[in-house]
4 protein chains.
Amino acid sequence: MENESCNTDQFDLNTLAYHRAGRHNNPSGTIIDVSGVKIGGREVVIMAGPCAVESQEQLLTTANAVQDLGGNILRGGAFKPRSSPYSFQGLEEEGLKLLKKARQQTGLPVITEVMDTRVVEMVCDYADVLQIGSRNMQNFPLLKEVGQCRKPVMLKRGMNATLDEYLLAAEYILAGGNPNVILCERGIRSFETAYRNTMDLNAVPMLKKLSHLPVIVDPSHGTGHAWMVPDLAKAAVAVGADGLLVEVHNNPDNALCDGPQSLSIQQFELMMEDLKILSKALGRGLYVSENAI
Amino acid sequence: MENESCNTDQFDLNTLAYHRAGRHNNPSGTIIDVSGVKIGGREVVIMAGPCAVESQEQLLTTANAVQDLGGNILRGGAFKPRSSPYSFQGLEEEGLKLLKKARQQTGLPVITEVMDTRVVEMVCDYADVLQIGSRNMQNFPLLKEVGQCRKPVMLKRGMNATLDEYLLAAEYILAGGNPNVILCERGIRSFETAYRNTMDLNAVPMLKKLSHLPVIVDPSHGTGHAWMVPDLAKAAVAVGADGLLVEVHNNPDNALCDGPQSLSIQQFELMMEDLKILSKALGRGLYVSENAI
Amino acid sequence: MENESCNTDQFDLNTLAYHRAGRHNNPSGTIIDVSGVKIGGREVVIMAGPCAVESQEQLLTTANAVQDLGGNILRGGAFKPRSSPYSFQGLEEEGLKLLKKARQQTGLPVITEVMDTRVVEMVCDYADVLQIGSRNMQNFPLLKEVGQCRKPVMLKRGMNATLDEYLLAAEYILAGGNPNVILCERGIRSFETAYRNTMDLNAVPMLKKLSHLPVIVDPSHGTGHAWMVPDLAKAAVAVGADGLLVEVHNNPDNALCDGPQSLSIQQFELMMEDLKILSKALGRGLYVSENAI
Amino acid sequence: MENESCNTDQFDLNTLAYHRAGRHNNPSGTIIDVSGVKIGGREVVIMAGPCAVESQEQLLTTANAVQDLGGNILRGGAFKPRSSPYSFQGLEEEGLKLLKKARQQTGLPVITEVMDTRVVEMVCDYADVLQIGSRNMQNFPLLKEVGQCRKPVMLKRGMNATLDEYLLAAEYILAGGNPNVILCERGIRSFETAYRNTMDLNAVPMLKKLSHLPVIVDPSHGTGHAWMVPDLAKAAVAVGADGLLVEVHNNPDNALCDGPQSLSIQQFELMMEDLKILSKALGRGLYVSENAI
């Protein structure tokens, strides 16, 4: 036996530790309402958009396509965590304003990342969901701060975090008073370098067993290659994810950030068609936003 | 060098290194005939059976169920690689004889593991497919030996092998003169201890891009928990695997080996029903053996 | 891209990316002055003290022992990053005041962790060195904030960060205008569970080759077991570390945090004797603070 | 706490599992006699030589230098495990004959790798110590075969093996009837690609606590860079290793295998001088072979 210490019993003990995040707290599973979009129910929710907000034209073109093709929530980064200080760091508040404009035009709720406790309040004014990135999964002051917000929070799993650490991080937000936490598996670091990260789809059924919180999968970061995203998106739906977070760009070749893993609008369209058929066959279907025509 | 840095470009270069295993050698993909069962075509092949052959009653009961419920190939270990010298090591040739009897009764071809160069010939006499286990992925004398067999070989990926190392290991078998190599992703070791291994489903599309060889997924070892197997099996089919290798036991609670990850016959039946619907929706279907009623 | 493939050649290229942190910037190596203690010179600097500041009695007793036994800098956490929101989170400003008192009594400069951009200024008022913990290695707003301080910063390597990511994180601080960055290897996560982390002593010569910044080793977090700390401390000095960061507690059995990895004062004394002999044999010696008697 | 499940208690339980390898079996530690060289005593034993035996001139030149400079055992591979089937696979029996000649000339006992059960007997005829490589740590038929030899066996730790798995693998050899097992830490695979492997020096004190068997360290494979080898060799001695296994080549630039990590004879000489001073300061000293002049 490889991981001989592996057992769910240990986790059962730990549900004492995450007494808010633990499944026992809501055995039927929590549904989170993001400005009208229900995450955690039977249907699969699609969050899509560019990695970074770059310009009005880029964002609105992409947002319109996402909405036309059945996406439910618009993603786009205004504050970008970049390994190098010399890389593009995002448009910051200017980016948030563009997201607001895109929401007005498309009716799509907006998710965007927040990295700094000092701008949480500002981001709350613009966003429908706050995203905490992988690198900040254990940024405890930030977790405490978003715990005091009224907006839902999507907490991405750290690159090498165990599920135990992950649920304890979610517990910080819940303990702060914010009950609307969405989990997101986005790939772990492995020894394989042919892809950017390695999707851990085992995490989906295990997180849903251990916790009542909805679980989203991000196959864009989980693979790093646009051509792999639709395959892993299908796998994520088949394994039971409550939704997907996907990078789409109106012009991936010229993206300022993560171009190689961004779907073009046409690739997104094809993927959505496949997901419609697949999710139906699984008795689920894709979520249809009320504002959709 | 072990940690050879590699990205997809380098993989393109490396197709020089695996000039037999590389996709360029058969761009439409290789179909391998295992005593009448075609692996690598449109349809999904199911290999199922107990971890270890334990007794005639255990094996035949399980084999009959596998055949009744649409399985195509019977798995069962006669030589077992066990971490401890004091654990059950398998029935050895007695186990091979039972596999032969099960094949006669059910018509199912048989796959079983071989670990020692000295028994390759003997195992060839009984088995339809030779399995090389994860721990032996880089057992080069063994790879050379099975390279000289006429029987197909299923080579499992090492627990932490890169795809580059994996395809080079396959190359050993191909270079030895045996063209019938089947790949098998069975989970990698990660930091997560809630499951035995972590399925790397990214590997499926990437292996199929880099190589023309069929790719099987083993969700039993990939999770270590019977309750997770059906979810990951669905994900594996959705991501494009050519087939599944699944542990099924007529009495998992009393299995001598890997009971916690073995499906009961009833669980296997339910999984097969789900996979039928799912694979159909994906335009594939499950493979129907010619000997099936 | 996270998994950027890198070999030493690429590191040479990347010195373009970390043009401030790169060795070429100061080939003879940078010596950082921490309130009179020189880090990065020939001699080995010892930073020691409790994981967390717990009380005046605990801190002063430990601080006096550290100073008596030849320690150069006092460590102690006032803000503690804890996996669970229900664990002791540190005494916060009260802890900083106790550190100040300990410095007044012993003459030892003080190092303490800062996690939140909003308290950087406050921590600067009390501390001689700001510590950025592993979990915050890529907390970019925090790196930018301490980049604007006049106090030296010790940046711990992330639990699974590559050296490339690590030096880019240091580059954030340097690019912000703060030239006084100290690196610290504190163990990586591996599959081994017999120790809390796995010391990566390869990192020491490699970091010193790639960068001109001083490199400290933390064998307390790097092992998680007090009995292992002296052995790894000796190894760290032998491999070329500029100093050590060690947890010492006047009563490890009752520590509120990390007791099992804290040396007792007696264990610290024995270790210091061994290090004196070893560092002398290596032609280095332990650093002797000017305020020492 | 990161690896929260980490505890030595679990290991204490497992000493039931490795009741031959466990420390309780010989609390004062086992000393193994390799044709007159004692491994596991106070003094540090040096095994050195080329990665692969390439020619008589290469081997004899290197062997003479190793002996002149104080090495105790000559290493050299006749059967080489190579990732690619198209790489140099070793001189095989011809290489063994050259090793025998080198032993006759220098008086140095010889260690060489065996990979195939079918040649164990032949290798026993030539070698003083059989080496089992990392990739074969869990090649159970091979472990059983060398368990029946009268020659000592050096078992290298698998690239990502836990210490628990490692000691169980040693237990296979001991249970087979061969009491002379030497352990060897040679680096684990980590996410860092700036070095070939990552030395896990934590393993040395932990293995010595858990087991009575001697522990050797291989800094050549553990780093992959000749320039790093002396630093890590010093660290290994400081942490308590019973000896070192080091690659030395009379002409590293033209080595058929692992040239970049092979010390030149001059580099080896410098390292030996440093190790003499260091080991003396630690109260140990280098082992002096009786046949040495």
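### Quick word on the interface of chain B and chain A
Now for step 1: Facing the 47 residues of chain B at the interface are 46 residues of chain A.
Now for step 2: Between chain B and chain A, the buried area comes to about 3,800 Å², and carbon and sulfur atoms account for 60% of it.
Now for step 3: Contact with chain A buries surface across chain B, with R196, N202 and W227 of chain B losing the most and accounting together for 16% of the total.
Now for step 4: With a closest N to O distance of 3.9 Å, E192 of chain A and R157 of chain B form a salt bridge.
Now for step 5: Contributions of two or more residues to the side of chain B that touches chain A are made by α1 (8-14), α7 (203-210), α8 (219-223), α9 (229-239) and α10 (265-281) of chain B.
Now for step 6: No other element matches the six residues that α9 of chain B contributes to the side of chain B that touches chain A.
Now for step 7: Split into classes, the residues belonging to the side of chain B that touches chain A amount to 24 nonpolar, 13 polar and 10 charged.

### Some remarks on the packing of aromatic side chains
Each aromatic ring pair is summarised here by two numbers: the centre-to-centre distance and the angle between the ring planes.
Residue and element names in this part refer to chain B.
Now for step 1: Scanning all chains against the criterion turns up eight aromatic pairs over all chains.
Now for step 2: With a centroid separation of 4.6 Å and an interplanar angle of 25°, the aromatic rings of F140 and Y172 are classed as stacked. With F140 in helix α5 (residues 140-146) and Y172 in helix α6 (residues 163-175), this pair connects stretches of sequence that are 32 residues apart.
Now for step 3: In this structure F140 comes out as buried when scored by relative accessible area, which is 2%.

### Side note on the sheet that holds strand β3 (residues 45-49) of chain A
All names here are of chain A.
Now for step 1: Pairing in this closed barrel of eight strands is parallel, and the strands run β3-β4-β5-β6-β7-β8-β9-β10 around the ring. On average, each strand axis in the sheet is inclined to that of its neighbour by 25°, with strand direction left out of account.
Now for step 2: Relative to strand β8 (residues 181-185), strand β7 (residues 153-156) runs parallel, the two being bridged by four bridges. Paired with V153 across the two strands is V181, which belongs to β8.
Now for step 3: Docked against the sheet, helix α6 (residues 163-175) engages β7 and β8, running at close to 155° with respect to β8.

### Comments concerning the sheet that holds strand β3 (residues 45-49) of chain B
Hydrogen bonding along the main chain pairs the strands of a sheet, whether they run parallel or antiparallel.
Residue and element names in this part refer to chain B.
Now for step 1: In space, the eight strands of this closed barrel follow the order β3-β4-β5-β6-β7-β8-β9-β10, with parallel pairing throughout. Averaged over all pairs of adjacent strands, the angle between their axes in this sheet comes to 25°, without regard to strand direction.
Now for step 2: For strand β9 (residues 215-217) and strand β10 (residues 243-247), the ladder comprises two bridges, and the chain directions are parallel. Note that in β10 the partner of I216 across the bridge is G243.
Now for step 3: Most of the contacts of helix α3 (residues 93-106) go to strand β5 (residues 110-113), to which it runs at about 165°, and overall it touches β4 (73-75) and β5.
Now for step 4: Sitting on the sheet, α6 touches β7 (153-156) and β8 (181-185), and the angle it makes with β8 is about 155°.

What counts, and at which threshold
- Residues numbered from 1 in each chain as written.
- Chains lettered and ligands numbered in written order.
- Predicted model: local features only at pLDDT ≥ 70, side-chain atom pairs only at ≥ 80, totals over all residues.
- Heavy atoms only, no water.
- Contact = heavy atoms within 4.5 Å.
- Buried area = accessible area lost by both parts, 1.4 Å probe.
- Salt bridge = Lys/Arg side-chain N within 4 Å of Asp/Glu carboxyl O.
- Helix = DSSP H or I, 4+ residues; strand = E, 2+ residues; numbered from the N terminus.
- Nonpolar A, V, L, I, M, F, W, Y, C, P; charged D, E, K, R; others polar.
- Phe/Tyr/Trp six-rings, centres within 6.5 Å; stacked < 30°, edge-to-face > 60°.
- Buried < 20%, exposed > 50% of the residue type's maximum accessible area, 1.4 Å probe, protein only.
- Pairing = 2+ DSSP bridges.
- Axes fitted to C-alpha atoms, helices over the stretch in contact; angles between N-to-C directions.

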